[in-house]
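What the coordinates show
One-letter residues, chain by chain:
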Amino acid sequence: MSFLIFQGTLVHAESASQPLKILHNHIIGVNKNKIVFIEPEGRLRELSQQHGFQLEDVQVMEGQFLIPGFVDTHIHAPQYVYTGTAMNLQLLEWLNKYTFPTEAKFANLEFAADAYRKVVHRTLKNGTTTACYFATIHKEASLKLAEIVAHFGQRAFVGKVNMDANSPEYYVETTEQSFKDTEWFIKQVQCLNNPLVTPIITPRFAVSCTVTLMKKLANLAELYGLPIQTHISENKDEISLVKELFPECSSYADVYQSCGLVTKKSVFAHSIYLDDKEIEVIKHHGSAVSHCPCSNFMLRNGILDLRKLWDKGIKLGLGTDVSGGYSPSMLSSIRQSVIATNVHKMQQGAAYNSIDYKELFYLATLGGSQVLGLEDRIGNFVVGKEFDALLVNPKAAGSPFDVFNSSFSDSIEDIVQKFLFLGDDRNIQEVYVSGRKVIPTTLDSNSFF
Ligand code: GUN
Ligand code: ZN
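The present account deals with the structure reproduced in this document. Just so it is clear, the structure is predicted and the values come from calculations on it, not from any experiment.

Observations regarding helix H1 (residues 44-51)
- Looking only at H1, the buried set comprises Leu-44, Leu-47 and Ser-48. Down the axis of H1, the smallest arc covering the buried residues is 105°, so these residues share one side. Exposed side of H1, more than 90 degrees from the buried face: Arg-45, Gln-49 and Gln-50 are the residues found there.

Right, here's the structure in full:
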């Protein structure tokens, strides 16, 4: 049977102004990979006749609920191997001491395949149905990541990282090689012919790229119609270095703009210290920002004023930024975003309009889909969109939170909130990407393929 039918509670974002909507007593029908109906459950019999499914095929969710899959708009797949460690340094020292030596090991394909299987499996288990990955400078290992993503059934953007300047001699490319390998990588990923896996142009950050390379990469993005991802304005020492390296540019955003890297398909991670002119540049080109509070706190970079960017109408999503961020779970990004907005509230006073957990749920799902240009395909439950969803079980074995059904009864909204603040992968019972059940999986994240 190509039909999937769930009956019960659906929770999703309708829009930025309707960020968490609960649909009680509904049924949702999925044919192959797409949602074909969402109706009140009173119409069940009628729908079964209309669509030709049996009532016993309906999965009744008792106490469980469906939410859209999470969209991680910024994650470094190779850094998963040291997630949860190495959090004692600031960005530039951290890159040199931990990140570059680890990423250099991905020249070894076997090592890379093992790490990539683990990160893809781990993020899927944690409900990340779409991930926007940085890989490393190695073209074969980057392709391996794309193949593993396809194998496990995740939806992803995969970027071979570009670095032709100011990088250690053991982890750097020539401009020509970087460009050539990137084009090779794009073609190979396209040959996978998997509609869920897309290459993304990935200059690491302005510090590690020459202007020549950045311009060539912008041309590639245009030629192949591809998105672009990079870092911007994450750390004060980094910003000073960019000023020193590009004295002809008026700002960090101007470096990227002058190279043609600011487009409607660009995703800029961090963006903590952008000034109003830079925000205007991002807005003008229709680029997006990935908010990565876990790593902003762990690397002590600073605290993004998310409300300011929200009010300016910038496309926004959340990222884990593994492993600057200590957690591969988007639930951690939601929680750390709450702490970040609370700090702004404490600093800016009562008039400051905090971002609430419902808005963060929107950013982790529909907002993320907009950041990646996927809003017509995923992000929420709408007829015609693909079915990327999590079946959440608040009463799963070993659940890290309790539900009260007594006189202090939890509402469904309370339970959703408890999941967002207290839940973990034990509560994520099933994960679907484009209609395919990918968790639980029979695929082995430990064996080589
Ligand atoms: N800036 C350049 N590279 C990186 C990276 O790997 N992580 C973070 N957080 N910032 C960066
Ligand atoms: Zn990053």
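Brief notes about the site of ligand 1
- Lining the immediate surroundings of ligand 1 are His-76, Gln-79, Leu-91, Trp-94, Leu-95, Arg-204, Phe-205, His-231, Glu-234, His-270, Leu-299 and Asp-321.
- Contact between ligand 1 and Asp-321: a nitrogen atom at 2.8 Å from a side-chain N or O atom of the residue.
- Here ligand 1 has 270 Å² of accessible area as a free molecule, and 100% of this is covered by the chains.
- For the shell around ligand 1, the element with the highest residue contribution is helix H2 (residues 91-104), accounting for three residues.
- Classifying every residue of the shell around ligand 1 by side-chain character gives five nonpolar, four polar and three charged.

Notes on the pairing of strand S6 (residues 128-134)
- In terms of residue burial, S6 counts as a mostly covered element, since seven of its seven residues are buried.
- When strand S5 (residues 70-76) meets S6, the two strands line up parallel, connected through five bridges. Following the sheet pairing, Ile-75 is matched in S6 by Tyr-133.
- Pairing analysis gives five bridges linking S6 to strand S7 (residues 155-159), with the strands arranged parallel. By the bridge assignment for S7, Phe-134 is matched with Gly-159.
- Once you follow S6 into helix H4 (residues 139-152) and on to S7, the crossover reads as right-handed.

A closer look at helix H13 (residues 357-371)
- Along H13, the helix axis deviates most sharply at Leu-363, where the bend reaches about 45°.
- For H13, the buried fraction is high: 13 of the 15 residues fall into the buried class.
- One side-chain oxygen of the residue at the start of H13 lies 3.1 Å from the amide nitrogen of Lys-358, identifying that residue as Asp-356.

Focus: the coordination of the zinc ion (ligand 2)
- Within the protein, the atoms that donate to the zinc ion (ligand 2) are His-74 (NE2), His-76 (NE2), His-231 (NE2) and Asp-321 (OD), at distances of 2.0 to 2.3 Å.
- Here the zinc ion (ligand 2) binds four donor atoms, and the angle range of 91 to 168° at the metal identifies the geometry as irregular.
- Coordination of the zinc ion (ligand 2) draws on donor residues from a single chain, spaced H-x1-H-x154-H-x89-D in sequence. The residues His-74 and His-76 share a single accessibility class, namely buried.

Regarding unusual backbone geometry
- Each neighbour pair has its own omega, and for Val-322 with Ser-323 the value is 5°, a cis peptide bond.
- Here Ser-323 shows up in the loop between strand S14 (315-318) and helix H12 (330-348).
- Between Ile-439 and Pro-440 the backbone carries a cis peptide bond, its omega angle lying at 0°.
- Its place among the elements puts Pro-440 in the segment after strand S17 (436-439).
- Residue Lys-32 is not a glycine yet carries a positive backbone phi of 60°.

Concerning the environment of Ala-13
- Looking at the element boundaries, Ala-13 is found in the loop between strand S1 (3-12) and strand S2 (21-31).
- Here Ala-13 is in contact with Gln-18, Pro-19, Leu-20, Phe-361, Tyr-362, Thr-365, Leu-366 and Asn-380, once residues within four sequence places are set aside.

What about the side chain of His-12?
- For His-12, the location among the structural elements is in strand S1.
- Among the polar contacts listed, one links the side chain of His-12 to the backbone nitrogen of Phe-381, at a separation of 3.0 Å.

Quick notes on the packing of helix H8 (residues 252-259) against helix H9 (residues 276-285)
- Taken N-terminus to C-terminus, the directions of H8 and H9 make an angle of 35°; their axes are 8 Å apart at the nearest point. As for the relative orientation of H8 and H9, their crossing is left-handed in sense. For the pair formed by H8 and H9, the contact residues are Tyr-252, Ala-253 and Gln-257 on the first element and Glu-278, Val-281 and His-285 on the second.
- Its residues assigned to classes, the contact of H8 with H9 shows three nonpolar, two polar and one charged.

Some points on the pairing of strand S4 (residues 58-68)
- Inspection of the sheet shows S1 paired to S4 by five bridges, in the parallel sense. Its bridge partner lying in S4, Ile-5 is registered against Val-58.

A closer look at the sheet that holds S1
- Taken together, seven strands build an open sheet; the order of strands is S3-S2-S1-S4-S15-S16-S17 and the sheet is mixed. With one partner strand each, in any of the chains shown, strand S3 (34-40) and S17 form the two edges of the open sheet. Taking each pair of neighbouring strands and ignoring which way they run, the sheet shows an average axis angle of 40°.
- Sheet topology note: the S1/S2 ladder contains nine bridges and is antiparallel. Among the inter-strand pairings, Ile-5 is bridged to a residue of S2, identified as Gly-29.
- Packing of helix H14 (residues 412-422) onto the sheet brings it into contact with S1, S2, S4, strand S15 (389-392) and strand S16 (428-433), and relative to S4 it is tilted by some 60°.

Some remarks on the state of the cysteines
- Counted by the stated rule, this structure contains zero disulfides.
- Unpaired in terms of disulfides, Cys-292 finds its nearest cysteine sulfur in Cys-294, a separation of 8.8 Å.

Some details on the nonpolar core
- Of all hydrophobic cores here, the largest spans 117 residues; its most connected members are Tyr-116, Tyr-133, Tyr-256 and Phe-419.
- Not counting residues within four places of it along the chain, the set of residues in contact with Tyr-256 comprises Phe-205, Ala-206, Met-214, Thr-230, His-231, Ile-232, Leu-261, Val-262 and Phe-268.

What to know about the packing of aromatic side chains
- Under the counting rule described, the total for this entry stands at 15 aromatic pairs.
- Between Tyr-82 and Trp-94, the ring centres sit 6.2 Å apart and the planes meet at 45°, which makes this aromatic pair tilted. Taken as a pair, Tyr-82 in the loop between S5 and H2 and Trp-94 in helix H2 lie far apart in primary sequence, twelve residues in all. In this structure, Tyr-82 and Trp-94 share a single accessibility class: buried.
- In textbook terms, an aromatic cluster arises when at least three aromatic residues are bridged by ring pairs, as seen for Phe-6, Phe-381, Phe-387 and Tyr-432.
- Of note, Lys-139 hangs over the ring of Trp-184, and the distance from its end group to the ring centre comes to 5.2 Å.
- Above the plane of the ring of Phe-179 lies Lys-216, whose end atom (NZ or CZ) is 4.3 Å from the centre.

Criteria and thresholds
- Residues numbered from 1 in each chain as written.
- Chains lettered and ligands numbered in written order.
- Predicted model: local features only at pLDDT ≥ 70, side-chain atom pairs only at ≥ 80, totals over all residues.
- Heavy atoms only, no water.
- Buried < 20%, exposed > 50% of the residue type's maximum accessible area, 1.4 Å probe, protein only.
- Helix = DSSP H or I, 4+ residues; strand = E, 2+ residues; numbered from the N terminus.
- Arc of directions from axis to C-beta.
- Near = heavy atom within 4 Å.
- Polar contact = N/O pair within 3.5 Å; in protein donor to acceptor, adjacent residues only side chain to side chain.
- Areas by Shrake-Rupley, 256 points an atom, 1.4 Å probe, with all protein chains shown as cover.
- Nonpolar A, V, L, I, M, F, W, Y, C, P; charged D, E, K, R; others polar.
- Pairing = 2+ DSSP bridges.
- Right-handed = clockwise from strand over helix to strand, strands pointing away.
- Bend = angle between axes of the 7 residues up to and from the residue.
- Donors = N, O, S within 2.8 Å, 3.2 Å for Na, K, Ca; no water.
- Tetrahedral: all angles 85-135°; square planar, octahedral: opposite > 155°, others 65-115°.
- Contact = heavy atoms within 4.5 Å.
- Axes fitted to C-alpha atoms, helices over the stretch in contact; angles between N-to-C directions.
- Left-handed = near helix turned anticlockwise from the far one by under 90°.
- Disulfide = S-S within 2.5 Å.
- Core = buried A, V, L, I, M, F, W, Y, C linked by side-chain atoms within 4.5 Å.
- Phe/Tyr/Trp six-rings, centres within 6.5 Å; stacked < 30°, edge-to-face > 60°.
- Lys NZ or Arg CZ within 6 Å of the ring centre and 35° of its normal.

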